[in-house]
Amino acid sequence: MSVTLAQAINRALTEAMAQDDRVLVFGEDVGRLGGVFRVTDGLQARFGDRRCFDTPLAESGIIGTAIGLAMYGYRPVAEMQFDGFTYPAFEQIVSHLAKLRNRSRGTLRLPVTVRIPYGGGIGAVEHHSESPESYWVHTAGLTVVTPGTPEDGYALTREAIASDDPVILLEPKRRYWMKSDIELPVTAPPHTSALVRRAGEDVTIVCYGPMVRTALEAAEAAAEEGWSLEVVDLRSLSPLDTDTVVASVRRTGRAVVVHEAPRTLGMGAEIAARVQEAAFYHLEAPVLRATGFDTPYPPAKLESYWLPDVDRILDLVERAMAY
Amino acid sequence: MSVTLAQAINRALTEAMAQDDRVLVFGEDVGRLGGVFRVTDGLQARFGDRRCFDTPLAESGIIGTAIGLAMYGYRPVAEMQFDGFTYPAFEQIVSHLAKLRNRSRGTLRLPVTVRIPYGGGIGAVEHHSESPESYWVHTAGLTVVTPGTPEDGYALTREAIASDDPVILLEPKRRYWMKSDIELPVTAPPHTSALVRRAGEDVTIVCYGPMVRTALEAAEAAAEEGWSLEVVDLRSLSPLDTDTVVASVRRTGRAVVVHEAPRTLGMGAEIAARVQEAAFYHLEAPVLRATGFDTPYPPAKLESYWLPDVDRILDLVERAMAY
Amino acid sequence: MAEDVTAPVEGARGDAHLLPPAEPVRLLAPDGTLHEHEDYPVELCDAELLAIHRAMVITRRVDREAINLQRQGQLGVYASCLGQEAAQVASTWALEAPDWVFPSYRELGSAIVREVEPADLLHLFRGTWLSDHDPYEHRFALLSIPIGTQALHATGFAMGARFDDNPLVTMVYFGDGGTSEGDTHEAMTFAGVMQAPVVFFVQNNRYAISVPLTSQTAAPTLAHKAVGYGLPGLRCDGNDPLATYAVTRRAVQQARSGGGPALIEALTYRMEAHTTSDDPTRYRSQEELEEAARTDPIQRMRNHLQRRGLLDEATEDGFAQEAEEHARRVREAIYDAPHGDPLELFDHVYVADRADVAAQRAQLQAELTAPPEGGDR
Amino acid sequence: MAEDVTAPVEGARGDAHLLPPAEPVRLLAPDGTLHEHEDYPVELCDAELLAIHRAMVITRRVDREAINLQRQGQLGVYASCLGQEAAQVASTWALEAPDWVFPSYRELGSAIVREVEPADLLHLFRGTWLSDHDPYEHRFALLSIPIGTQALHATGFAMGARFDDNPLVTMVYFGDGGTSEGDTHEAMTFAGVMQAPVVFFVQNNRYAISVPLTSQTAAPTLAHKAVGYGLPGLRCDGNDPLATYAVTRRAVQQARSGGGPALIEALTYRMEAHTTSDDPTRYRSQEELEEAARTDPIQRMRNHLQRRGLLDEATEDGFAQEAEEHARRVREAIYDAPHGDPLELFDHVYVADRADVAAQRAQLQAELTAPPEGGDR
Ligand SMILES: Cc1ncc(C[n+]2csc(CCOP(=O)(O)OP(=O)(O)O)c2C)c(N)n1
Ligand SMILES: Cc1ncc(C[n+]2csc(CCOP(=O)(O)OP(=O)(O)O)c2C)c(N)n1
Ligand SMILES: [Mg+2]
Ligand SMILES: [Mg+2]
């Protein structure tokens, strides 16, 4: 059947709550309103306001109480309404959510899922289009995943809730309405390893989240120009499935990493560093990065110039091929 | 005369306050106590408690009011008592301090200096040995600098306070007591370009802050083993003086980046990504990284195993030379 | 002797005066009759009374225009202030020219009083740029979207004024939901300790998007929060322009005269959706809306002015025409307004010239001049 | 009708009961005489009274041992609770076994009551590991260093208990400085709204390192902060174990019986430096210290027990011996305690097995077995 990414995540939340009454969903406007993107639609009506509830407007409070609830024995799914509003919760995420288990020598488990609609492309006002993944991936103790398709949206949500480690679930908001025909529930192998979404010979395109679709479009366009692109969807940013990426680059000899986040210390930096180390003799060109710029996220009318698109990817493919 | 890093920064603060009465110094315990590291010692006694004052225990409040004071026309120097306690101020730093000037289309200037004692090696308890530089360097709008010597401590502090952009001044706390013979005041040239602290032919060691001294010791040890290391002190992490680093690597053909911060998305990732792109044909070995591990900062008794040291650097030098 | 450690701490005082009045101050009945209050005199001449009414009328018209522009795809989103005109206009009116306003994202009424070109604010919602007015010219800070954060900026600015022996006052606006954020707490904490001349003005419009006030606090009222900071907590009927003015004026004068900061809770109601993207039918009833409509601040002011014989038809029509004029200007400025130069994205990030910024600027420039995709690469 | 919008908000109630009492509750005079208080009965049998005294005596001795160990280089740093024994021991005594304690970094006295091996806590200060006791076994959470953050964990845990219809109560400790942090505010906000069974216990020891209370708030007392969250604000002489017990007991029982959270301000004094790294002579006078010494909680309890004829020399000596025994155990456990296995750094970061963690673990393993520097590479 045909479902959108938002519907797939909603379905995953519904089933997780139905199967395990320790699963709680809370955040700002997630209850009665069903979330500003309707991802939690129907949960309060079905499970009541002890299982799905609205919190005060305080993000550090949402994560901090989620930690306490997890210590008690619940499996909290906390929503941060938008990427830019995770920042007030930064200390609770970095100093506690990520570190408490290690601090406790393994006696504490924090099965907390933090849902974050992220990224740009929806013409929003400032603070609603951030790509904060580097902040989380640099922080040891967090698992960071992001779906590029409705199917992965469902599977990664179920896996995040089932995980005994805290998981940052980055939901590409501009793809919430992207549809695909899938069979739910998705069973099958864990989705935390990278996936080759399209095979190719000339250049490996490494992407994730909102850029998976863009990369596949670029691969189509490149084909017309005679370039064969292999598209690798990371799906998990921490841990990072370096093996799949390196195996692909060893074949193609070239790589372009694509992400919305600003270039400096974006995921492209880490992937370039790992690939040049692990595939040093296989590289025929440096690993290149098609990313957002090192500026604050732009106003809506200018975001299309800022965000990586097919052209920016193809420019770098061309540069890589020119080596 | 012989001064420690702490004294050099104290001297820079004193002179800046004496020369410009719009310079304010505030934070937790910076007044009467003179700061937990005594870096602000004597400022309140000399300039009074309107120029140097203790704040409530609230880091977001410290940065948020610094922004308001800067809008009014002051040049605030705000102290975050320790690296790990910058996290509660993350939203004010990332969403406002870094972005307000851009948001205002250039009408607002925020000449705010945020002083942060950072890094490990002093046997402290948790949260007092963090290396948060990646969080700031990934955030467009911030200037991020860190001294490796008392002389640079003085100069970078003066330059930070003089800057009309917000500056994150990362002070390597384990080097506060490091002495050197210098003439103060230090006059120009600007210290935001990288500096070759030791010339060499075989491998370029890229370092900054607390690791400058360690890298120089490694160069000494390497010399005995017949390897000639060139040591580049970045001094400024944003902007990053890529040219100086690349010029060095083009000569040596090999590079090892050293920092305390965890490896994944640490500065080493960005430097590796830039160097492999800018010096692709000059590299005889991949850019390697001698860093802290991707774990929470360890307890005091284990930090020596975690922190990069001469041996870890030499291991990677050896690996680089083996290519 | 031994008592001292446990004796009330230094600087402590009796706390009775800290408690907010049981009832919000209201001076105007819905029918416009004035009930004077000795503690809250309304020191406004006839011209000012009319000017306040005028500003509210203009605010409502521009607000409607903004909603229309959004419906026509000219704005990405818009946060209406319908029903909150008195709370905004009358409170900002209580300031003097040198004073500063630190708004959230909903204070169109305050902007009108500060003579900020409304279109300049709407450019934010259109996405032309992130802001488009000079805060120093109007002493009106940039709209602030992260909830509660601007309270600290207003407090720091006021601390600066005090250090500088400058008699200006700052006023910061936030909502009922905003009182839950840690930053709001830290702002009132700093303001109390530093005795900064800042007035914290909460528009309690009963909702934070869909979340009602009962989910934000268990306190009897938001004004009660003042007690924990050593601030006076005041309350007013935020749909009563005269009460709002008188209460705010008192707090502003106290702050200016060195009496320290204050917290004001203005009780009002958000008549429109949270923003144009919101669907309020999911969380509030038609009855509630109709009931709230009966307390409309503009009608109440109109009734009052007519009772006093200050508002004849000609004047009313004049205001209406001015309002139309404002709406027309807004429409002209916003409708199909050009996007601006993408290269400007690199112009304001830093004061300093940076090679890395220049390099990325050059990249975009090259992309802009590159042949269209599919063209010859 | 039109009144409704501006009428007191839903759930509002009269606020008189929210104001803290003008004077902190004190039951024991410094000379140990008991002055009963009808609202705060001391329901403690003789055995319990002695047990509280015993715990305070042990706490003080272990505290001194920890300071000695730090002086001898066996601990990196240590935060003494000298003078705060009653505030900690008597308040924790008011809990039942299933209840949870969420400490900051200074609550040795609470740990003693919860029978946490003191040495296990001291390993944190030695740097052997980041913690070393099982929080579930003792219902005593890990020490929390980032100020104020643990208040949210205690609140979330209490929310969980309430959702689960579990009658347990949580108690969180923080200091006067901790009341300024945004997290403390958000915790009390959540607790009030969710009616979570959590007791916020502030030890007002007059300083945040060098910063006096007057720089933390302009509120008359810290208990006044409760008003802004709809919580009862209670105050007690924190150097009076009986008053501390009675006041805390009342709050705990109210929370357990569904009456919601409470905030308690215990007035005490930090007799030692902030930590062993601190130099208090820079910010407080010898006179102030001597004056505070006169309110010593242990001496006060001793006087009281002797008046009641409960404490003969034999018993007192018994406690002293037990205290020495504790000190000896601590010393044995800490002195030259081995560092532990560096490879453990990789064992607890994630529940899941991760290849990246394994790879870095292998790197360290190789480094550990590598020949010493200068050796054959
Ligand atoms: C820190 C932060 N968290 C969440 C949001 C998303 N958000 C925008 S408005 C809003 C509700 C604000 O309610 P209130 O403070 O009462 O102001 P009102 O909109 O009613 O004027 C929320 C949750 C935000 N802008 N900032
Ligand atoms: C978020 C944060 N900021 C700063 C610090 C550094 N610090 C440690 S203790 C302390 C003072 C705490 O004072 P108080 O809350 O009164 O507790 P006390 O130490 O007096 O028991 C400070 C500033 C910290 N641990 N956490
Ligand atoms: Mg509201
Ligand atoms: Mg204290």
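Residues numbered from 1 in each chain as written. Chains lettered and ligands numbered in written order. Predicted model: local features only at pLDDT ≥ 70, side-chain atom pairs only at ≥ 80, totals over all residues. Heavy atoms only, no water.

A closer look at helix H12 (residues 310-322) of chain A
Part 1 of the reasoning: Taking 1.5 Å of rise per residue, 13 residues should cover 18 Å, and H12 of chain A covers 18 Å from first to last C-alpha, within 8% of that figure.
Part 2 of the reasoning: Taken together, the buried positions of H12 of chain A are Val310, Arg312, Ile313, Leu314, Leu316, Val317 and Ala320 of chain A. (Helix = DSSP H or I, 4+ residues; strand = E, 2+ residues; numbered from the N terminus. Expected span 1.5 Å × (residues − 1). Buried < 20%, exposed > 50% of the residue type's maximum accessible area, 1.4 Å probe, protein only.)

Here's the deal with the site of ligand 2
Part 1 of the reasoning: Around ligand 2 sit 21 residues, and of these Glu59 of chain B together with Tyr105, Arg106, Gly178 and Tyr207 of chain D come closest.
Part 2 of the reasoning: Chains contributing residues to the immediate surroundings of ligand 2 are chains A, B and D.
Part 3 of the reasoning: At 2.8 Å, a backbone N or O of Gly178 of chain D approaches an oxygen atom of ligand 2.
Part 4 of the reasoning: Within the side chain of Asn205 of chain D, one N or O atom sits 2.9 Å away from an oxygen atom of ligand 2. (Near = heavy atom within 4 Å. Polar contact = N/O pair within 3.5 Å; in protein donor to acceptor, adjacent residues only side chain to side chain.)

Comments concerning the interface of chain D and chain A
Part 1 of the reasoning: Each partner contributes residues to the interface: chain D has 44 residues there, and chain A has 41 residues.
Part 2 of the reasoning: Between chain D and chain A lies a buried interface of about 3600 Å² when both sides are counted; carbon and sulfur atoms form 60% of it.
Part 3 of the reasoning: Where chain D meets chain A, there are three salt bridges.
Part 4 of the reasoning: Here Asp165 of chain D and Arg50 of chain A are joined by a salt bridge, their closest N and O atoms 3.3 Å apart.
Part 5 of the reasoning: In this structure, the connection of chain D to chain A is made through 25 residue pairs in polar contact (both at pLDDT 80 or more).
Part 6 of the reasoning: If you tally residues by element for the side of chain D that touches chain A, the top one is helix H6 (residues 149-163) of chain D, at 11 residues.
Part 7 of the reasoning: Residue composition of the side of chain D that touches chain A, grouped by class: 23 nonpolar, 10 polar and 11 charged. (Contact = heavy atoms within 4.5 Å. Buried area = accessible area lost by both parts, 1.4 Å probe. Salt bridge = Lys/Arg side-chain N within 4 Å of Asp/Glu carboxyl O. Nonpolar A, V, L, I, M, F, W, Y, C, P; charged D, E, K, R; others polar.)

Focus: the pairing of strand E10 (residues 203-207) of chain A
Residues and elements named next belong to chain A.
Part 1 of the reasoning: Where burial is concerned, most of E10 is hidden: five out of the five residues are buried.
Part 2 of the reasoning: Residue alternation in E10 divides its side chains into two sets, Val203, Ile205 and Cys207 and Thr204 and Val206, and both sets are buried.
Part 3 of the reasoning: When E10 meets strand E11 (residues 229-233), the two strands line up parallel, connected through five bridges. What sits directly across from Val203, in E11, is Leu229.
Part 4 of the reasoning: Taken together, E10, helix H8 (residues 211-224) and E11 constitute a β-α-β crossover, and its handedness is right-handed. (Pairing = 2+ DSSP bridges. Right-handed = clockwise from strand over helix to strand, strands pointing away.)

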